[in-house]
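Descriptive structure summary
Now for the letters of each chain:
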Amino acid sequence: MTALARPGAGRVFAAQFRRECAVVIAAPGEALQPLAFLFLALSLFAIGAGGDPRVLAAQAGAVLWVLVLLATLLGLESLFRRDYDEGVLEQLLLLGQPVFVPLLAKLAVQWLLSGCLMVLLAPALALMLYLPADQIGITMLVLLAGSPALTLFGAVAAALTVGLRRGGVLLALLALPLYVPTLVFGAGAISLAGAGSDVTAQVYWLLAISMLALTVAPFGVTAALRISLEQS
Amino acid sequence: MPTKSGSAVLLALRDLGCVRDGRWLFRHLSLELPAGAALELTGPNGSGKSTLLRTVAGLDEPQAGSVRCAPHLYLGHRPGLSSLLTVAANLRWYAELQGVAPDLERVLNRVGLAGYAEVACRSLSAGQLRRVALARLCLGGASLWLLDEPLTALDASGQALVADLIAEHLASGGAAVWSTHQPLGVVGARQLTLGPAVEVGVDSEDDMTQPLPRLEETRA
């Protein structure tokens, strides 16, 4: 057989990105369920709090971030499940080249569907919580800066639990502690912005956490998947 | 595709041993497969055929010994195909990751699925799904094939197809290892039987294996 030139990282990324998009298009409902959950949970909170604008606005940052964390986790639960069951992950690990390139493509699509869409929907979410209009911009900014870390750290936990039949709760228990720094800076930024303070530091912190996640998580996901697939 | 000389070793196992549930499935397994050679693994359920193939592929870590092998293709019990995507999308994805040009029409003709390119994999039968997985073999790109019970779910013509594909692959300088419960009938394939009744069938080659003691309940 001819010795093959392995395809470059860019082509592998593109191939995997296309595949993930095709999967999403084939089953769009699945991908959008976490967003539906986010909207529903947020309306429940608004109803439960009695619709008092002052009460809601005071807690808006914390409520929004907590629900974004949970919705992100919901989406991550099925991130690797189907590929694991169908043997696609096995084939990825056998590529004979760094597996984090296709994994990054997978995570990018996952983030576009969760974090990125949530950023775009943030104005609607903010209105439901009576967040003043001048804080909507900063809400979108902190979600944009912080949400990659949610997807990336959560993916490590998802990779660790993919081999378990009922890994959903364990996934939450593993991932939620990793989300604490993002929650602190994200919710803090929204309430500080409400008080008229400067939130540049919080945004930088969120970006730093996301960069750290981008550096560490692909390797964590790879190692976790190898463990999950061994003798499965 | 004659870039490798006939003597190139595509798979070398040295003193390989695998433990599962406190038992040696096999140990002291040493063998070499040169280009053009094939190895048929047989043995009862649970004798370690799948584990051996997964270890060679690199999915499982051996407890002893080492594996050296050429770029390989592994076909396990799970097809490695997304049920949501079409046959063409699955194969194109695989070919792109392998860096080979997908000649889908030829490949699907070869496995008897002409006209199925745009059908979603979830609406295929088990045998057809298996044929799509076999189509990966036809895409090329790997010199060593590792096939775990490739005959599963296939009809008579599908089983003949597997044997033909392997024979062509060997003729073009590849090598193959497969596990099976019924002989594939590939000419020149060596036999290796795993299991309690330790026996090693060697077809005249001298580099094949040492005896395979099956040591139950032995600690690693």
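Residues numbered from 1 in each chain as written. Chains lettered and ligands numbered in written order. Predicted model: local features only at pLDDT ≥ 70, side-chain atom pairs only at ≥ 80, totals over all residues.

A few points about the overall build of chain A
Along chain A, the regular secondary structure elements total ten helices and zero strands. N-terminal to C-terminal, the α/β element order of chain A is α-α-α-α-α-α-α-α-α-α. The C-alpha extent of chain A, read off along each of the three principal axes, is 70 × 35 × 30 Å. Buried residues in chain A amount to 45% of all 232 residues. (Helix = DSSP H or I, 4+ residues; strand = E, 2+ residues; numbered from the N terminus. Buried ≥ 20, exposed ≤ 12 C-beta atoms within 10 Å, placed from the backbone.)

Some details on the environment of I190(A)
All names here are of chain A. Secondary-structure assignment places I190 in helix α9 (residues 180-194). It is 14 Å that separates the C-alpha atoms of I190 and Y204, two residues lying 14 residues apart in sequence. Residue contacts for I190: discarding those within four places in its chain leaves A60, G61, Q135, I138, T139 and V142. (Contact = placed C-beta atoms within 7 Å.)

Some points on the sheet that holds strand β4 (residues 64-69) of chain B
Residues and elements named next belong to chain B. Taken in spatial order, the three strands make up an open sheet running β2-β1-β4, and their pairing is antiparallel. Each end of this open sheet is capped by a strand with a single partner; those strands are β2 (23-34) and β4. The mean inter-strand angle of the sheet, taken between neighbouring strand axes irrespective of direction, is 15°. Against the sheet, helix α1 (residues 49-57) contacts β1 (9-20), β2 and β4, and its axis sits at roughly 125° relative to β1. (Pairing = 2+ DSSP bridges. Axes fitted to C-alpha atoms, helices over the stretch in contact; angles between N-to-C directions.)

Here we look at the sheet that holds strand β8 (residues 190-193) of chain B
The strands that make up a sheet are held in pairs by hydrogen bonds between backbone atoms, and each pair lies either parallel or antiparallel. Residue and element names in this part refer to chain B. Taken in spatial order, the five strands of this open sheet run β5-β6-β7-β3-β8, and their pairing is parallel. Across the chains shown, the open sheet's two edge strands, defined by having one partner strand only, are β5 (72-75) and β8. Taking each pair of neighbouring strands and ignoring which way they run, the sheet shows an average axis angle of 15°. Across five bridges, the pairing between strand β6 (residues 144-148) and strand β7 (residues 175-179) is parallel. Across the sheet, residue L146 finds its bridge partner in β7, namely V177. The strands touched by helix α5 (residues 156-171) within the sheet are β3 (38-42), β6 and β7, with β7 carrying the most contacts at an inclination of about 150°.

As for the pairing of β1(B)
Residue and element names in this part refer to chain B. In terms of strand pairing, β1 meets β2 through eight bridges, oriented antiparallel. Opposite L11, over in β2, you have L33 as the bridge partner. A loop of two residues connects β1 with β2, the two strands running antiparallel in sequence, and D21 in this loop sits at a positive phi of about 55°. Relative to β4, β1 is paired through five bridges, and the arrangement is antiparallel. Paired with A12 across the two strands is R68, which belongs to β4.

Overview of the domain arrangement of chain B
Residue and element names in this part refer to chain B. You can read the domains of chain B as domain 1 (1-71 + 143-220) and domain 2 (80-141). At the interface, ten residues of domain 1 touch nine residues of domain 2. In terms of residues, the side of domain 1 that touches domain 2 owes the most to one element, α5, which gives five residues. Here the side of domain 1 that touches domain 2 is composed, by residue class, of six nonpolar, three polar and one charged. (Domains from an automatic or database assignment. Nonpolar A, V, L, I, M, F, W, Y, C, P; charged D, E, K, R; others polar.)

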